[in-house]
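Topology and contacts: notes
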Amino acid sequence: MSLRRKLSNQSALIFGGILGFVLLGTYFLFKQLSTDLYYKKLLDRAYTAAYFYLEKDELNNFRYQRIVEKYRRIADESIQLYNARTYQMVVNDSLPYQIPRHFLEEVNRDRHLEFTYQDRLLVGMFYADNEGDFLIVSSGKNTVGQSQLTLLEGSLFVFFVVGLAINYLLTGWLARHT
C-alpha cells in the first residue's frame, strides 16, 4: 500500500471518528431535550389537574371552564392524586397501576420529582390545598419524541455513511492528484 493510500485511509478514519462523535452528540442532546420538554408538559398537566380537582370551589365559573377545556385536551396521559400523609389514592384518572410508595415518599420529601417507571415518564409534585396536602402524579408516553428520535437516528446514520464515503473518495482523489 502506498503512502498516499495510507494517508487517505487515515484521513477517512479520523473524519469518521469526528463525524461519529458529532452525530452521536447531536442524537443524545436531542434525546435529552425531548425528554425535558415532555417532563415540562407533564408538570403543566399536573398543575392543570390540581386546579381541575382541587380548586373548583375557589374559581369563578368562567375560569373553571377554561381549566376544564384544557384538562380535556390531555390525551394518552394519566393523572393520579394521592393524599400526602396517607399515600392513599384520591383520584385515579386512567393509569392501570399504582405508583410504588417509595416514589410517592420521594415526591413528598423533595416536593417535585421527574422519573421513569416501566415504560412511562412521570412527574410528581406536592400540592398544598385548603382541603389538605396532595401528591399529584402525571404520566405519559412520549410517543412523538420517540418517533422523532427514530427518524433522527436513521437520518444521522445515512449522513454518517454518505459523509464517510464522500470523504474517502475525495481524499483518495486528492492523494492521486498531489
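That block above? That's the structure.
In this convention, every chain numbers its residues from 1, walking through the sequence in written order. Local features in a predicted model are, by the rule used here, given only for residues with pLDDT of at least 70; side-chain atom pairs are given and counted only at 80 or more, and totals for whole chains, interfaces and linings are based on all residues. Heavy atoms from the whole structure form the basis of all side-chain values; hydrogens and water molecules are not counted.

Digging into the sheet that holds strand β1 (residues 77–83)
In plain terms, the rule: If DSSP finds at least two bridges between two strands, the strands pair. Put simply, DSSP marks the helices as runs of H or I at least four residues long and the strands as runs of E at least two long, and each gets a number from the N terminus on. Where helices are involved, their axes are fitted lines through C-alpha atoms of the stretch in contact, as for all axes, and angles between N-to-C directions lie from 0 to 180°. Between two residues, a contact is recorded if the distance between any of their heavy atoms is within 4.5 Å.
Read from one edge of the open sheet, five strands run β2-β1-β5-β4-β3, paired in antiparallel fashion. Edge strands, defined here as strands with exactly one partner in the open sheet, are β2 (89–92) and β3 (112–117). For this sheet, the mean angle separating the axes of adjacent strands, direction not counted, is 20°. Examined bridge by bridge, strand β4 (residues 120–129) and strand β5 (residues 132–140) share nine bridges and lie antiparallel to one another. Bridge assignment links Ala-128 to a residue of β5, and that residue is Asp-133. Packed on one face of the sheet, helix α1 (residues 3–54) meets β1, β2, β3, β4 and β5 and runs near 40° to β4. Strands β1, β3, β4 and β5 of the sheet are contacted by helix α3 (residues 101–110), whose axis makes an angle of about 160° with β3.

Side note on the environment of Ser-78
Condition: Exposed residues in this analysis have more than 50% of their type's maximum accessible area, buried residues have under 20%, and partly exposed residues fall in between, with area computed by a 1.4 Å probe over protein chains only.
With respect to the element layout, Ser-78 can be found in strand β1. Judged by relative accessible area, Ser-78 falls into the buried class, the value being 1%. For the pair Ser-78 and Glu-153, spaced 75 residues apart in sequence, the C-alpha separation works out to 29 Å.

Topic: unusual backbone geometry
If you check the backbone angles, Tyr-87 has positive phi at about 60° while not being a glycine. Structurally, Tyr-87 can be placed in the loop between β1 and β2. Of note, the phi angle at Gln-118 is positive, near 55°, even though the residue is not glycine. Within the secondary structure layout, Gln-118 lies in the loop between β3 and β4.

Remarks on the packing of aromatic side chains
What counts, and what does not: Classification of ring pairs rests on two measures: the distance between centres of Phe, Tyr or Trp rings, Trp counted by its six-membered ring, which must be within 6.5 Å, and the angle between planes, read as stacked under 30 degrees, edge-to-face over 60 and tilted in between. Lysine NZ or arginine CZ positioned within 6 Å of the ring centre and within 35 degrees of the ring normal marks a charge as sitting over the ring.
All told, the structure shown has three aromatic pairs when counted by the stated rule. Taking 5.3 Å as the distance between ring centres and 75° as the angle between the ring planes, the aromatic pair formed by Tyr-27 and Phe-28 counts as edge-to-face. Looking at Phe-28, the relative accessible area reads 49%, which means it is partly exposed. Geometrically, the ring pair formed by Phe-103 and Phe-115 is stacked, given 4.3 Å between the ring centres and 15° between the ring planes. Pair noted here: Phe-103 is in helix α3 and Phe-115 is in strand β3, with a separation of 12 residues, a long-range link. Side by side, Phe-103 and Phe-115 carry an identical accessibility label, which is buried. An aromatic cluster of at least three residues, connected via ring pairs, comprises Phe-103, Phe-115 and Tyr-117. The ring of Phe-126 carries the charged tip of Arg-111 above its face, separated from the ring centre by 3.8 Å.

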